[in-house]
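Coordinate analysis (summary)
This is what each chain is made of:
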Amino acid sequence: MDQSTSCLEQASEMGLSNFGPEEIRFDNCSSEVCVPLRPHLKRMVAKQNVLKSSGIHIGAKYVSVKQNIEQIAVVHDLSFCQYICHEAKRTTKLERMICAAALFILIMVIVILIYFSINANIVPEDITTEASQDWFIGRKEWLAKELNTTEILHEAIPLVVISHTVSPACYTRFNCVAAVKSMQSYYLTEYKYDIPYNFLIGSDGGVYEGLGWNIVGSHTLGYNECTIGVAFIGDYREGLPSYSKITELQIQRVHQLLKEGVEHGYLHTHFKVLGAKDLRPTVSPGANVINEIEKWANYDHKNVFKGHTCNQILDFFQKKIVTSNTNP
């Protein structure tokens, strides 16, 4: 029997007896196996037990069954590193380049994650972790650069202006120190002057000294010479999808600060508190803060000082005629 007849017999054994010779063509016949040329027959033939043959299309090229069996046997005897090298040789140059790039990116991501995980919990040695008071952090403690302004405020300042920094809130001493230092660098670089506020309040409950009690700030145009500027670190506009929320601890710290200001003569005994928006066209310090300070007894509900010069305001307080119902 010739090879064609043998192939037809094998096709018949595989359940392909309904096909005629003109419909079933094989690209290789041997005494052991026949491989179909048509794609729709390959799946059926693949179910047969092929022990040994050549000219079989497996993967991207024609190989022999014996060859593949020998390669598998060799792979089983390889170490892990040898196996990786063996598999790499079977890939194309492009595939190896893609794998190398992916591996490099993975290693870099792991290194970056480890780096930031370690450094997030490290406080630089030159940053003082113990301030002169638990809640008050002076310029020395947060390593401020030297003051570049020397304009002195009047004694017994009559007004305290509350603002917010419109920056991310900070919740730990380390993060707040970093935020204040970053703020100082920004203003020195962009505007050539120091932090515009006299004091800043962090969500960690710390009061951070900006310019302090004696230096004129740059927080409220037209009123800097007769006001103390206190800013909450964060963005307290309630209309934002994510905004900072004032805490009881922050409120307590502000009252402590202002009380000390009166005791040491920096603030007038009858000082008034205002939001920056009460004197200037701005939304600062944000609704979240305004809603709180409006509850304070010394908040200027009637906004009697807007539109007056600092000289007028200072004269008014010096004459001690300030009452909650009197205009300057």
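Residues numbered from 1 in each chain as written. Predicted model: local features only at pLDDT ≥ 70, side-chain atom pairs only at ≥ 80, totals over all residues. Heavy atoms only, no water.

In plain terms, the rule: UniProt positions are given in the numbering used here, feature names are shortened, and annotations may be inferred rather than shown by experiment.
Naming follows an unreviewed UniProt entry, where the chain appears as Peptidoglycan recognition protein of Arctia plantaginis. Per UniProt, the comment on the chain under Sequence similarities (unreviewed entry) is "Belongs to the N-acetylmuramoyl-L-alanine amidase 2 family." According to its UniProt record, the chain has this under Subunit (unreviewed entry): "Monomer."

1. Concerning the confidence of the model for the chain
Here is the rule we go by: pLDDT gives the predictor's per-residue confidence on a scale running from 0 to 100. Helix numbers and strand numbers start at the N terminus; a helix is a DSSP run of H or I with at least 4 residues, a strand a run of E with at least 2. Whether two residues touch is decided by their heavy atoms; if any such pair falls within 4.5 Å, the residues are in contact.
Chain-level statistics for the chain give a pLDDT mean of 78 and a share of 68% at 70 or above. Of all secondary-structure elements in the chain, the lowest mean pLDDT belongs to helix α2 (residues 39-45), at 43, while strand β7 (residues 199-201) reaches the highest, 98. Scored below 50 in pLDDT, residues 17-33 makes 35 contacts in the model with residues more than four places away or belonging to other chains. Counting interchain partners and residues more than four positions distant, the pLDDT-below-50 stretch residues 37-49 has 15 contacts.

2. Some remarks on the side chain of Glu-292
Checked against the element boundaries, Glu-292 lands in helix α8 (residues 287-293). Glu-292 has contacts with Ile-246 and Ile-251, leaving out every residue within four places of it along the chain.

3. Quick look at the state of the cysteines
The following threshold applies: Put simply, a disulfide is two cysteine sulfurs that come within 2.5 Å.
Under the counting rule described, the total for this entry stands at two disulfides. Disulfide pairing is shown between Cys-226 and Cys-310; the S-S distance is 2.2 Å. Because the sign of the S-S torsion sets the handedness, a value of about -70 degrees for the bond joining Cys-226 and Cys-310 places this disulfide among the left-handed ones. Note that Cys-226 is positioned in the loop between β8 (207-209) and β9 (227-232) and Cys-310 in helix α9 (residues 310-318), a separation of 84 residues in sequence.

4. A short note on the side chain of His-268
Condition: We call a residue buried when its accessible area falls under 20% of the maximum for its residue type, exposed when it is over 50%, and partly exposed in between, using a 1.4 Å probe and counting protein chains only. Two N or O atoms form a polar contact when they lie within 3.5 Å of each other; inside protein one atom must be a possible hydrogen donor and the other a possible acceptor, and for residues adjacent in sequence the pair counts only when both atoms belong to side chains.
In this fold, His-268 is placed in strand β10 (residues 267-275). Under the relative-accessibility criterion, His-268 is labelled buried at 12%. Of the polar contacts made by the side chain of His-268, one reaches the backbone nitrogen of His-270; its length is 3.0 Å. Looking at His-268, its side chain comes within polar contact range of the main-chain oxygen of Phe-317, at 3.3 Å. Setting aside anything within four residues of it in sequence, one finds His-268 in contact with Ala-156, Ile-157, Pro-158, Val-262 and Phe-317.

5. A closer look at the pattern of salt bridges
Where charged atoms of side chains with opposite charge meet at close range, the side chains can pair. Inclusion rule: For salt bridges, the criterion is a side-chain nitrogen of Lys or Arg within 4 Å of an Asp or Glu carboxyl oxygen.
The tally for this structure, following the rule as stated, stands at five salt bridges. Linking Arg-173 and Asp-204 is a salt bridge whose minimum nitrogen-to-oxygen distance equals 3.5 Å. Remark: Asp-204 occurs in the loop between β7 and β8 and Arg-173 occurs in helix α6 (residues 173-190); sequence separation between them is 31 residues. The residue Lys-295 makes a salt bridge to Glu-292 at a minimum N-O spacing of 3.8 Å. Glu-292 gets classed as buried once you look at its relative accessible area, which sits at 13%.

6. Describing the environment of Arg-237
Looking at the secondary structure, you find Arg-237 in the loop between β9 and α7 (248-263). According to the relative accessible area criterion, Arg-237 is partly exposed, its value standing at 31%. For the pair Arg-237 and Asn-288, spaced 51 residues apart in the sequence, the C-alpha separation amounts to 6.3 Å. With sequence-adjacent residues up to four places away left out, Arg-237 is seen in contact with His-164, Val-166, Tyr-243, Val-283, Gly-286 and Ala-287. Among the polar contacts listed, one links the side chain of Arg-237 to the side chain of Asp-235, at a separation of 2.6 Å.

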